[in-house]
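These are the residues of each chain, in order.
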Amino acid sequence: MKVFSNFISYLLHPLFMPIGGTVAYFLITPKYTPLEIQSASILPIFILTVIIPIVTFLILKNLGLVHSISLETVKERKYPLYIHASILLLILYKVIPNNYVSELYFYFTGLLGATIACILLVLLNFKTSLHAVGVSGLLMYLINLSIHFEINLIIAISVFILFTGGIISARLNLKAHTPMELVVGLFIGILSQLLTVRFWL
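Here is a short report on the structure shown in this document. All chains use their own residue numbering, which begins from 1 and follows the written sequence. Local features in a predicted model are, by the rule used here, given only for residues with pLDDT of at least 70; side-chain atom pairs are given and counted only at 80 or more, and totals for whole chains, interfaces and linings are based on all residues. Side-chain measures were taken over the full set of non-hydrogen atoms in the model, leaving aside hydrogen atoms and water.

Digging into the overall build of the chain
Then comes step 1: Numbered from the N terminus, helices here are DSSP runs of H or I no shorter than four residues, and strands are runs of E no shorter than two. Across its full length, the chain holds eight helices and zero strands.
Then comes step 2: Reading the chain from its N terminus to its C terminus gives the helix and strand order α-α-α-α-α-α-α-α.
Then comes step 3: Put simply, the radius of gyration uses C-alpha atoms, and a globule should come to 2.2 Å times the residue count raised to 0.38. For 201 residues, the compact-globule formula gives about 17 Å, and the C-alpha radius of gyration of the chain, at 16 Å, lands near that figure.
Then comes step 4: Burial status follows relative accessibility: with a 1.4 Å probe on protein chains alone, a residue under 20% of its type maximum counts as buried, one over 50% as exposed, and anything between as partly exposed. For the chain, buried positions account for 48% of its 201 residues.
Then comes step 5: Here, Shrake-Rupley sampling with a 1.4 Å probe gives the accessible areas, and only protein chains in the shown set may cover a residue. Surface accessibility of the chain: about 10400 Å² in total, with carbon and sulfur atoms responsible for 72%.
Then comes step 6: Note that His is not counted, nor are the chain ends; the positive residues are Lys and Arg, and the negative ones are Asp and Glu. In this description, the location of a charge corresponds to atom NZ of lysine, CZ of arginine, CG of aspartate or CD of glutamate. Put simply, the chain has 11 plus and 6 minus side-chain charges, and the middle of one group is 11 Å from the middle of the other.

Topic: the packing of aromatic side chains
Then comes step 1: What counts as a ring pair is set by centres within 6.5 Å for rings of Phe, Tyr and Trp (its six-membered ring), and what kind of pair is set by the plane angle: stacked under 30 degrees, edge-to-face over 60, tilted for all other angles. In this structure the tally under the stated criterion is seven aromatic pairs.
Then comes step 2: With a centroid separation of 5.2 Å and 85° between ring planes, the pair formed by tyrosine 105 and phenylalanine 106 is classed as edge-to-face. The same class applies to tyrosine 105 and to phenylalanine 106, which are both buried.

Quick look at the nonpolar core
Then comes step 1: Among the nonpolar cores identified, the biggest contains 53 residues, and Tyr25, Ile91, Leu104, Tyr107, Phe108, Tyr141 and Leu145 are the most heavily contacted of them.
Then comes step 2: Those elements that provide at least two residues to this core are α2 (17-28), α3 (35-62), α4 (74-95), α5 (102-123), α6 (130-149), α7 (154-173) and α8 (179-197).
Then comes step 3: By definition in these notes, contact holds between two residues if any of their heavy atoms fall within 4.5 Å. Leaving out residues up to four positions away in the same chain, isoleucine 91 has contacts with Ile45, Leu48, Thr49, Ile96 and Phe108. Nonpolar core, defined: a set of buried Ala, Val, Leu, Ile, Met, Phe, Trp, Tyr and Cys residues in which side-chain atoms within 4.5 Å join the residues together.

Here we look at the environment of glycine 113
Then comes step 1: Assignment of secondary structure puts glycine 113 in helix α5.
Then comes step 2: For glycine 113, a relative accessible area of 37% gives the class partly exposed.
Then comes step 3: Linking glycine 113 and alanine 85, residues 28 residues apart in sequence, is a C-alpha distance of 8.8 Å.

A look at the packing of α5 against α8
Packed helix pairs are specified by the crossing angle of their axes together with the interaxial distance, meaning the distance between the axes.
Then comes step 1: A fitted line through C-alpha atoms serves as each axis, taken over the contacting stretch for helices, and the angle formed by two N-to-C directions is quoted from 0 to 180°. The contact between α5 and α8 brings their axes to 8 Å, and the two run at 140°. Compared by their axis directions, α5 and α8 come out oblique. Considering only the axes of α5 and α8, their crossing is right-handed. Here α5 contributes Phe106, Tyr107, Thr109, Gly110, Leu111, Ala114, Ala117, Cys118 and Leu121 to the contact with α8, which in turn contributes Val184, Ile188, Ser192, Gln193 and Thr196.
Then comes step 2: When residues are sorted by character, Ala, Val, Leu, Ile, Met, Phe, Trp, Tyr, Cys and Pro go into the nonpolar class, Asp, Glu, Lys and Arg into the charged class, and all the rest, Gly among them, into the polar class. Looking at the contact of α5 with α8, its residues break down into nine nonpolar, five polar and no charged. Should an angle lie under 35 degrees it is considered roughly parallel, over 145 roughly antiparallel, and from 65 to 115 roughly perpendicular; all remaining angles are considered oblique. For any helix crossing, the convention is left-handed if the near helix is rotated counterclockwise from the far helix by under a right angle, and right-handed if that rotation is clockwise.

Considering the packing of α2 against α6
Then comes step 1: Orientation of α2 relative to α6, taken along the N-to-C sense of each, is 15°, at an axis distance of 10 Å. Compared by their axis directions, α2 and α6 come out roughly parallel. Where α2 crosses over α6, the handedness of that crossing is right-handed. Contact with α2, carried on its side by Met17, Gly20, Gly21, Ala24, Tyr25 and Ile28, involves Gly134, Val135, Leu138, Tyr141, Leu142, Leu145 and Phe149 of α6 and no other residues of that element.
Then comes step 2: Classifying every residue of the contact of α2 with α6 by side-chain character gives 10 nonpolar, three polar and no charged.

Observations concerning the side chain of glutamate 103
Then comes step 1: Relative to the helices and strands, glutamate 103 is located in helix α5.
Then comes step 2: Two N or O atoms count as a polar contact when they lie within 3.5 Å, although within protein this holds only if one can serve as hydrogen donor and the other as acceptor, and sequence-adjacent residues are included solely when both atoms are side-chain atoms. Of the polar contacts made by the side chain of glutamate 103, one reaches the side chain of lysine 31; its length is 2.7 Å.
Then comes step 3: Polar side-chain contacts of glutamate 103 include one of 3.0 Å to the side chain of histidine 148.

Considerations on helix α1 (residues 2-11)
Then comes step 1: Listed as buried for α1 are Ser5, Ile8 and Ser9. Along α1, the residues classed as buried sweep out an arc of 105° about the axis, all on the same side. Residues Val3 and Phe7 are exposed on α1 and point more than 90 degrees away from its buried face.
Then comes step 2: Taken together, the buried residues of α1 touch α6 and α7. An arc is given here, and it is the one of the directions from the helix axis to the C-beta atoms.

Describing α3
Then comes step 1: With 28 residues, α3 ought to run about 40 Å at 1.5 Å a step, and its terminal C-alpha atoms sit 39 Å apart, in line with that.
Then comes step 2: Working definition for bend: take the seven residues up to and ending at a residue and the seven starting at it, fit an axis to each, and measure the angle between the axes. At isoleucine 52, α3 shows its largest kink, close to 30°, and the proline proline 53 lies no more than four residues downstream.
Then comes step 3: Buried within α3 we find Ser41, Ile45, Leu48, Thr49, Val50, Pro53, Thr56, Phe57 and Leu60.
Then comes step 4: Structurally, α3 contributes buried residues whose contacts are with α2, α4 and α5.
Then comes step 5: Two residues or fewer after α3 comes glycine 64, characterised by a positive phi angle close to 80°. Expected helix span is given by 1.5 Å per residue-to-residue step, counting one fewer step than there are residues.

Note that every value here comes from positions in space, so none of it alone points to a role or purpose.
In structure tokens form, the structure reads like this:
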């Protein structure tokens, strides 16, 4: 069970949620999107949200500011969250301007809001489950896209409901979080997408 819990924790790591939402949008949208625009969004977002955080994690680890990729303590989460918020701001201002991909723009706006909420909780010495934030945020985004484009995404939504339950069970099994930390993470992830959906739904 521990092996499975570690596997699903890495598979659904928060780092993969921004690029996951980006790819999901381009797969789902019925709008015609030139390949150039898709490439101009997917590649930079992958580099900024996956590659750069991994590099910065290695730097922070060498500096002794973090000790594991799980960021087990509240103190370890501070700098990675600051960096993540900065990266999301860069994406919002430079990679996906609001004038041509509004659905994606507000998905990242929701991610930024969720990150800021996690930072505020860290300052209050509370460790939110970032896995729960990421998976539940993407789940809510898929539901929003299904309503917005009037497309039946019941299979994808069902899979992510299972993923959400799976990641919660995995984090509890690994004793990485308390039930309250997971519930707060779910709440932040879902609410962050609900608050932005009114601007594009």
